[in-house]
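Analysis of the macromolecular model
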Amino acid sequence: MKKILVTVVLGVAVLAAAKDAAPQGQAASPQPSATPAQAGAPAQGPIIKDPVEYNAYMGAINQKDSAARISGLEAFLAQYPNSIMKAAALQTLMQDYQQAGNQAKTIDTATKLVAADPTNERAIFLLAYIDRIKAQGGDPNFKQDLEDAKKYGQMGLDGLPKFSKPDGTSDGDFQKMKDQMSGVFNAAIGMADLTAKDYNNARKYLRAAVDSSPDSQKDFSVVYPLALAYAGPTPPDPNLAPEPLNAIWFTARASALAPAQAQAGIEKYARSLYVRYHGGDDGWTDVLAQAKANPTQPAGFSIKPAPTPAEQAHAMAIATQPEKMDFGQWEFILSNGSQADQDLVWNAIKGKAVQLNGTVIKATATEFDIAGSLDDIDAKKPDITLTFEDKVPLRLIPKEGASLDFQGEPASYTPNPFMMTMDKGQLLKAAPAKPAVHHKPAAQ
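None of the values given here were measured: they were computed from a predicted structure. (Residues numbered from 1 in each chain as written. Predicted model: local features only at pLDDT ≥ 70, side-chain atom pairs only at ≥ 80, totals over all residues. Heavy atoms only, no water.)

The next thing to look at is the overall build of the protein. Across its full length, the protein holds 18 helices and five strands. Across the 444 residues of the protein, 46% fall into the buried class. Taking all contacts inside the protein whose residues are at least 6 apart in sequence as the whole, residues at least 24 apart take part in 61%. Summing over all exposed atoms, the protein offers an accessible surface of approximately 21,400 Å²; the carbon and sulfur share of this is 52%. (Helix = DSSP H or I, 4+ residues; strand = E, 2+ residues; numbered from the N terminus. Buried < 20%, exposed > 50% of the residue type's maximum accessible area, 1.4 Å probe, protein only. Contact = heavy atoms within 4.5 Å. Areas by Shrake-Rupley, 256 points an atom, 1.4 Å probe, with all protein chains shown as cover.)

Right under this line is the structure:
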């Protein structure tokens, strides 16, 4: 875990500052506030009544050398497992192990501390963070890690409103401390929900984690999961705005924060989300540059969505006369256009002889099923039914899969699934001037 205990957990301002609070040779009974400050501890704490136990505790807690203090506190807890000062001793021991870089012992001590004092926000903070990082780092027991992380994250959020400001801490520093703790608790819950594919809750908690502090906005291990939460399920549901915009922004932002070896892949993924939503890559470089330069999503951030199939159909209908369109354009407009656009095309071609090329799907002496658009040719799916007034001679009936030049008069159509019926069919010797093309709607 690369000594995350020292670099992150002790990075909480007051956590680090609280380390030097152990009493030195005091005759009065020790108070929890005189040891490294306990979360929510009252000003007047418990008193050890047994002089032998008291001397054992004081002898351990007053050691200036951290190794000697660790040894003394471990001996004290072994001898007095039910001491009234158990939580205080465990908190000092946890912080000594943190500073010594002994991760296993820190986690073990923090777990014991939470068992002894379920309101100890610092120990809960540490465990929520460590379990999430272990899971994200590929720990074989990641499912259990995430389950534990979520448990501690919820415990931490529930207890944070009752968390008392440690002595000597300014209001500003205390607020920064609570913001960082809130970010860790929300991230722990959000990561567990994301892994469970509970995208709504994952978005809620991971967004709260990212928004909790400036440091969180620069934390790839939180920003990228938030991007994935907004992007999932794939593709983002356009009816759940602003999820697609958030997915694009935070994925682009994550590419700027990612380790060097991952940047290109994440940037490519962000671009694909942009193209899917916008319908092209025009403007993408500006969005990427904006995401790289700004840790927070700008107010009013927007991207023009791709035109809908109906909008594309209308653009086709007003751009080209129906008689000059290919079969794929007819199919697209008749399948996706407004009734007015459908009528515009259909009234222009109905009952008029047209010459086309297609692929035979099935053929009899009186009726051919033909794929006329490139999409349907690839799918081997008919979109034209061509009928003949006279039976086609057996020798002229094409085989399935054969390319066919033909003439017919559009008689009727159904928009979905698309099928055009043509009558007065004729077989042609020469290919029509234009091959069939099918224009797909832009993916949303």
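Next comes the rest of the description.
Glancing now at the environment of D369. Within the secondary structure, D369 sits in strand 2 (residues 367-371). Exposure remark for D369: the relative accessible area of 19% places this residue in the buried category. For the pair D369 and M419, spaced 50 residues apart in sequence, the C-alpha separation works out to 9.9 Å.

In this section: the packing of helix 12 (residues 243-257) against helix 14 (residues 284-293). Any two packed helices are characterised by how steeply their axes cross, that is the angle between the axes, and by the distance between the axes. Put simply, helix 12 and helix 14 touch, their axes get as near as 8 Å, and they point 65 degrees apart. Helix-helix and strand crossings are classified by hand; for helix 12 and helix 14 the assignment is right-handed. Across the interface between the two elements, I248, W249, A252, R253, S255 and A256 of helix 12 pack against W284, V287, L288, Q290, A291 and K292 of helix 14. Within the contact of helix 12 with helix 14, the residues separate by chemical class into eight nonpolar, two polar and two charged. (Axes fitted to C-alpha atoms, helices over the stretch in contact; angles between N-to-C directions. Left-handed = near helix turned anticlockwise from the far one by under 90°. Nonpolar A, V, L, I, M, F, W, Y, C, P; charged D, E, K, R; others polar.)

To continue, consider the pattern of salt bridges. For the structure on display, the rule yields ten salt bridges. D145 serves as the salt-bridge partner of K134, at 3.6 Å between the closest nitrogen and oxygen. On the criterion of sequence distance, the pair formed by K134 in helix 7 (residues 121-136) and D145 in helix 8 (residues 142-159) is long-range, its members being eleven residues apart. Taking the relative accessible area as the measure of exposure, K134 reaches 22% and is therefore partly exposed. Salt-bridge contacts for K292 lead to E267; the nearest nitrogen and oxygen are separated by 3.8 Å. Of this pair, K292 sits in helix 14 while E267 is found in helix 13 (residues 260-278), placing the two residues 25 residues apart along the sequence. On the basis of relative accessibility, which here comes to 27%, the residue E267 falls in the partly exposed class. (Salt bridge = Lys/Arg side-chain N within 4 Å of Asp/Glu carboxyl O.)

Now for the sheet that holds strand 3 (residues 384-387). One closed barrel accounts for five strands, arranged 1-2-3-5-4; its pairing is mixed. Pairwise comparison of adjacent strand axes, ignoring direction, gives a mean angle of 55 degrees for this sheet. Note that strand 3 and strand 5 (residues 418-427) share three bridges and pair parallel. The residue of strand 5 that forms the bridge with L386 is M422. Contacting strand 1 (354-363), strand 3, strand 4 (403-415) and strand 5, helix 16 (residues 327-336) runs over the sheet at an angle of about 145 degrees to strand 5. (Pairing = 2+ DSSP bridges.)

So, about the packing of aromatic side chains. Per the counting criterion, the structure on display carries 13 aromatic pairs. Geometry around Y152 places K151 over its ring, the cationic atom sitting 4.6 Å from the centre. (Phe/Tyr/Trp six-rings, centres within 6.5 Å; stacked < 30°, edge-to-face > 60°. Lys NZ or Arg CZ within 6 Å of the ring centre and 35° of its normal.)

Turning our attention to unusual backbone geometry. The omega angle of the peptide bond from N416 to P417 is -5 degrees, so this bond is cis rather than trans. Examined against the element boundaries, P417 turns out to sit in the loop between strand 4 and strand 5. Phi at K380 is positive, roughly 55 degrees, even though this residue is not glycine. When you line up the elements, K380 lands in the loop between helix 18 (374-379) and strand 3. Phi angles above zero are rare outside glycine, and K424 is one such case at about 55 degrees. Counting through the fold element by element, K424 comes out in strand 5.

For the rest of this paragraph, the subject is the pairing of strand 3. Bridging between strand 2 and strand 3 involves four bridges; their strand directions are antiparallel. Bridge pairing links F368 to L386 in strand 3.

Position of D405 among the secondary structure elements: in strand 4. Residues D405 and N357, 48 residues apart in the sequence, show an inter-C-alpha distance of 4.5 Å. A polar contact of 2.7 Å, which involves the side chain of D405, links it to the side chain of N357. (Polar contact = N/O pair within 3.5 Å; in protein donor to acceptor, adjacent residues only side chain to side chain.)

As a further point, take the environment of A258. Here A258 shows up in the loop between helix 12 and helix 13. You can call A258 buried: its relative accessible area is 6%. When the C-alpha positions of A258 and S221 are compared, they lie 8.7 Å apart, and in sequence the two are 37 residues distant. Apart from the residues lying within four places of it in its own chain, the contact partners of A258 are F220, Q263 and I266.

Glancing now at the confidence of the model for the protein. With 84% of its residues at a pLDDT of at least 70, the protein reaches an overall mean of 86. Taken as a whole, residues 1-44 scores under 50 in pLDDT and shows 109 contacts with residues more than four places along the chain or in a different chain. (pLDDT = per-residue confidence, 0-100.)

One finds Y57, L127, M181 and F185 to be the most contacted residues of the largest nonpolar core, which totals 42 residues. Elements with a contribution of two residues or more to this core: helix 3 (51-61), helix 4 (66-79), helix 5 (86-100), helix 6 (103-116), helix 7, helix 8 and helix 9 (171-195). Top element by residues in this core is helix 7. It accounts for nine residues. Among the nonpolar cores identified, the runner-up in size contains 36 residues, and A202, F250, Y274 and W284 belong to it. (Core = buried A, V, L, I, M, F, W, Y, C linked by side-chain atoms within 4.5 Å.)

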